[in-house]
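Examining the three-dimensional arrangement
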Amino acid sequence: MKAASPRVGWLLGANAGVVLWLSALLVTTLVHPFVPESRWLMVHLLLLGAVTNAICVWSTHFAHALLKNAPTSRRAEVVRLSCLNTGVTVVVVGMVTATWSATLAGAVVVGAAIAAHGISLARLAHRALPARFATSVHHYVAAACALPVGAALGTLLARHPAEAVHGRLLVAHVAANILGWVGLTVVGTLLTLWPTILRTRLAVGAERTSRRALPVLVGSVLLVVVGAAAGLMTVAAAGVLGYLAGALWALRPALSAARTKAPQSFAAWSVLAAVAWLVVSLGWFAALLGTAPSWFDAGERAHQVTTPLAVGFAGQVLLGALTYLVPVVLGGGPARVRELGTVLERGAATRVVLTNLGLALCLAPVPSLVRVVVSMLVLGSMGSFLPLLAVAIRRSRRPLAPPPARPERHVPEPRSVVRARHTGMAAVGLAAVVLATAAGVAADPTALGGVGRSAAGVVAATGETTTLRVEARGMRFHPASVSVPAGNRLVVEVVNEDSDVHDLALESGERSGRLSPGARGRVEVPVVGRDRDGWCTIAGHRQMGMLFAVDVTGLEEPSGGSSGGSSGGSSTATTGGHDHSGTTPKAGAAAPRLDVMAEPASGFRARDAALAPAPVGRVHRVDLTVSEVEREVAVGVRQTLWTFNGTAPGPVLRGRVGDRFVITLHNAATTGHSIDFHAGALAPDEPMRTIAPVATHTYTFTATKAGVWMYHCSTMPMSLHIANGMFGAVVIDPPGLPAVDREYLLVQSEVYLGAESADPGKVAAERPDAVVFNGFASQYDHDQLPARPGERVRFWVLDAGPSRPSSFHVVGGQFDTVFSEGAWLLRPGQPGTAGGAQSLALLPAQGGFVELVPPQAGHYPFVSHIMVDAERGAHGILEVTSP
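Predicted model only: the values in this text are computed from it and were never measured.

1. Notes on the overall build of the chain
Along the backbone of the chain there are 20 helices and 27 strands. Buried positions account for 53% of the 883 residues belonging to the chain. Restricting the contact set of the chain to residue pairs at least 6 apart, pairs at least 24 apart contribute 75%. Accessible area for the chain stands at about 37100 Å²; split by element, carbon and sulfur atoms hold 61% of it.

The structure is reproduced here in structure tokens:
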């Protein structure tokens, strides 16, 4: 196998950063519900990571080629790329961890690396002889001047300035980074790259047009940045329009070439689609800025155009350019270049249709489930470039077959055959989008705004807009209602000022999407024609009172009320026909049926109730991971539980008085969670705070009192978090606790079956479907706890609730030892009494232990003597057998 040339080796190595950031983007997109600042992260992994790396590598490569000046050393370029990627990594870490100092440091490094890149290109252009396409290099230098400005603006944005300032900074940031850094580079590159991709000649005078358009583009970027900084929205909007005009002027020769020779490859279609998204996005951006009533609104509207500019424009230009350039760079002769190009062009028409039609659908006001399904198609179509790239690189390393004795001239396929194949592949992409849309609507038809009772009713649009800012904090929306004149458009700007994840959904289907702490979203209703309810869809939050009401004024007669309608801005959580899980009800969803008498399959094993002795050390370090898992809670009944380390109850902790516990809590769930250890005495403000998804928190306490203590999630609504499985036991031995033959731990809790996880309505009404020991109904009836006659058996019991008390009793047994809530109530040989005890009475969050000595072999049921709960599953058997 022939070794790669130094040029090929360098370009492959230099572009490793592009591949790594694209891979990180793919992974982040798949797991983004669990990642803080996920929207920011996805945009910046693409633009700041992958696209910026590609610009640095290829603009330098093109500059040397266009100026006919081969590089003598790559050392400075290696340093710049290393600094760039280090800076980007630090920025990402700073944003994800909310560490502004890290964000600032990373932004300084990134800005310095790009400034050095621009200076290098300027010096190269200055030293070179006059060249026909030097204007492309001038574009690159101008672009390099824009990014440090955008980095500085982004750093200021990370400080969460006031709303109006935030909007101005965001508009300027988008202009500097996307229009300046990315846009100027793309326009300068397409001057020569586009005709090469089309395999046609450069239009006469194209370089002159590009050179004349450059001052217009640069001036327009400055106009947007200065206009936003000065608070002149009209000036900023004019700058966007000026940039659109300059881009169309500069790209006119390229667009003319596309009319004379139609694109026939993925590279050409992808780049052409990217230009179309640039034009559409700029027009949309200018219109949004021109009609924005405030800078806060302008900032929110800038967010709307970020996705089409990042994915539609920058992302497609990157993939299209690399699809063409990689086979050329890998080389190996015309046959090998065609072979590698064929690999990267696989599924070309299907991928282009999926990407562009899917992106357009995601930007349209479609149900959220449709948007999720279609966005996965877009992700798949764009992400397919990475495995295709890997195949192409691997194939380039294979030796070429020896040429035939009489080589034949390569004859391209007839255009009619190529056109028919591409048409069929495009139809496949179209069908996939249509099926994904239909599947999303079928899976959740109530999410479609036009299904059932529409938002507008029979009211005609007035053309006016009612805008309201709503803050989510303290498990409430502030304000909790809005009055809207009939026929108006409604825009609700939702800001999450809480420490937990929230959203806002209206019953007619409009949703803000999930908002992390500090994030913003919006709910838009094109025409308001009737009252409707809104709520937070995070499980249990609606139950806690996160309700919102839209009241219509100016109707001639009542609209007939809405499902769960409100009056005067008030609403209740337990009426209205909505599923109390806090989500839009799914067709046919129902809680599973539970039969505590059902027999399990052979080989059933209950959770081990045997309590291990306390560890030898005096410092106990424990990792607890919050996760959402599906588990059986009774024979044949599965529920999605919120758990510590995947079990409900969570892991048992044991120690002695004076032991120190260091707990590291990892939140791998989709919403905020926390932990509260009753075994420690300390101010709850910091240690028991709610942490966001993916966050980690360390909780340290010293056990100063003996007992069996509860730990649980203390995030509101606390009852729901406990009912969903977020509880466990800490056993702290009383000093001098004597040894016994057997020790068991039983944690009593309640099960409230819902369509998926616990039903908040049942929790609030205290209507459990089951009461269980150690998380499973009647499990110790099927897998009984062993003992021998005459053995001393100690039962530690904790009532985790959240609501039901317990009266622990062993049928046929009598307790001669009772320890309850830190006090010895009964001990063998205790002076002044020869009595015993028949039950251990516990309220929720209370615990203790009892001891008995079974006198003979047999089966001794143990129950909560609140008999209705025993019949709900708080029942088991102590199986006493002779040796």
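2. Focus: helix 11 (residues 295-330)
Helix length check: helix 11 (36 residues) gives 49 Å between terminal C-alpha atoms against 52 Å at 1.5 Å per residue, within 8%. In the structure, helix 11 departs most strongly from a straight axis at L309, where the bend amounts to approximately 30°. Across the 36 residues of helix 11, 31 count as buried, placing the element largely inside the fold. Looking one or two residues past helix 11, G331 carries a phi angle of roughly 65°, positive in sign.

3. Topic: the nonpolar core
One finds W58, V171, W181 and W194 to be the most contacted residues of the largest nonpolar core, which totals 134 residues. Setting aside residues no more than four positions away along its own chain, W181 makes contact with T52, I55, C56, I114, H117, A143, A144, A146, L147 and A176.

4. Brief notes about the packing of aromatic side chains
Counted by the stated rule, this structure contains 21 aromatic pairs. Consider the rings of Y780 and F862, whose centres lie 6.2 Å apart with planes at 45°: the pair is tilted. On the criterion of sequence distance, the pair formed by Y780 in helix 19 (residues 779-782) and F862 in strand 26 (residues 858-864) is long-range, its members being 82 residues apart. Neither residue differs from the other here; Y780 and F862 are each classed as buried. Put simply, the rings of Y744, F773, Y780, F795, F808, F815 and F862 touch in pairs and so form one group of aromatic residues. One cation-aromatic arrangement involves R351 over F266; the distance from NZ or CZ to the ring centre is 4.0 Å. Seen from the ring of F849, R794 lies directly overhead, with NZ or CZ sitting 5.1 Å from the centre.

5. Description of the pattern of salt bridges
Per the counting criterion, the structure on display carries 25 salt bridges. R792 serves as the salt-bridge partner of E851, at 2.9 Å between the closest nitrogen and oxygen. Of the two residues, E851 sits in strand 25 (residues 847-852) while R792 sits in the loop between strand 19 (783-787) and strand 20 (793-801), which places them 59 residues apart along the sequence. For E851, a relative accessible area of 3% gives the class buried. Taken together, the shared-partner salt bridges connect R654, D733, E743, R792, R794, D816 and E851 into one network.

6. Focus on the sheet that holds strand 6 (residues 520-525)
Taken in spatial order, the four strands of this open sheet run 2-1-4-6, and their pairing is mixed. Across the chains shown, the open sheet's two edge strands, defined by having one partner strand only, are strand 2 (476-478) and strand 6. The sheet shows a mean angle of 25° between the axes of neighbouring strands, direction not considered. As defined by bridge partners, strand 1 (residues 465-473) adjoins strand 2 across three bridges and the pair is classed as antiparallel. For A472, the partnering residue across the bridge sits in strand 2 and is F477.

7. Notes on a nonpolar patch on the surface
On the surface, V27, L30, V31, V372 and M376 cluster together into a nonpolar patch covering about 410 Å² of accessible area. At the level of elements, helix 2 (16-30) and helix 14 (368-383) are the ones that each hand at least two residues to the nonpolar patch. For V31, the position within the fold is in the loop between helix 2 and helix 3 (38-66).

8. Section: unusual backbone geometry
Peptide bonds are, in most cases, trans, and in most cases residues other than glycine have a negative phi. With an omega of 0°, the peptide bond running from A648 to P649 counts as cis. Take P649: it is sitting in the loop between strand 10 (637-644) and strand 11 (653-656). The omega torsion of the bond from G801 to P802 falls at 20°, within 30 degrees of zero and hence cis. Following the sequence through the fold, P802 ends up in the loop between strand 20 and strand 21 (806-810).

9. A look at the packing of helix 10 (residues 266-291) against helix 13 (residues 348-363)
Close contact between helix 10 and helix 13 brings their axes to 9 Å; oriented N to C, the two are set at 20°. Between helix 10 and helix 13, the angle falls in the class roughly parallel. Regarding helix 10 and helix 13, the two cross each other, and that crossing is right-handed. For the pair formed by helix 10 and helix 13, the contact residues are F266, W269, A273 and W277 on the first element and A348, A349, R351, V352, N356, L359, A360 and L363 on the second. When the residues that make up the contact of helix 10 with helix 13 are grouped by side-chain class, the tally is ten nonpolar, one polar and one charged.

Thresholds, definitions, all that
- Residues numbered from 1 in each chain as written.
- Predicted model: local features only at pLDDT ≥ 70, side-chain atom pairs only at ≥ 80, totals over all residues.
- Heavy atoms only, no water.
- Helix = DSSP H or I, 4+ residues; strand = E, 2+ residues; numbered from the N terminus.
- Buried < 20%, exposed > 50% of the residue type's maximum accessible area, 1.4 Å probe, protein only.
- Contact = heavy atoms within 4.5 Å.
- Areas by Shrake-Rupley, 256 points an atom, 1.4 Å probe, with all protein chains shown as cover.
- Expected span 1.5 Å × (residues − 1).
- Bend = angle between axes of the 7 residues up to and from the residue.
- Core = buried A, V, L, I, M, F, W, Y, C linked by side-chain atoms within 4.5 Å.
- Phe/Tyr/Trp six-rings, centres within 6.5 Å; stacked < 30°, edge-to-face > 60°.
- Lys NZ or Arg CZ within 6 Å of the ring centre and 35° of its normal.
- Salt bridge = Lys/Arg side-chain N within 4 Å of Asp/Glu carboxyl O.
- Pairing = 2+ DSSP bridges.
- Axes fitted to C-alpha atoms, helices over the stretch in contact; angles between N-to-C directions.
- Patch = residues over 30% accessible without salt bridge, like charges linked within 9 Å, V, L, I, M, F, W, Y side chains within 5 Å.
- Parallel < 35°, antiparallel > 145°, perpendicular 65-115°, else oblique.
- Left-handed = near helix turned anticlockwise from the far one by under 90°.
- Nonpolar A, V, L, I, M, F, W, Y, C, P; charged D, E, K, R; others polar.

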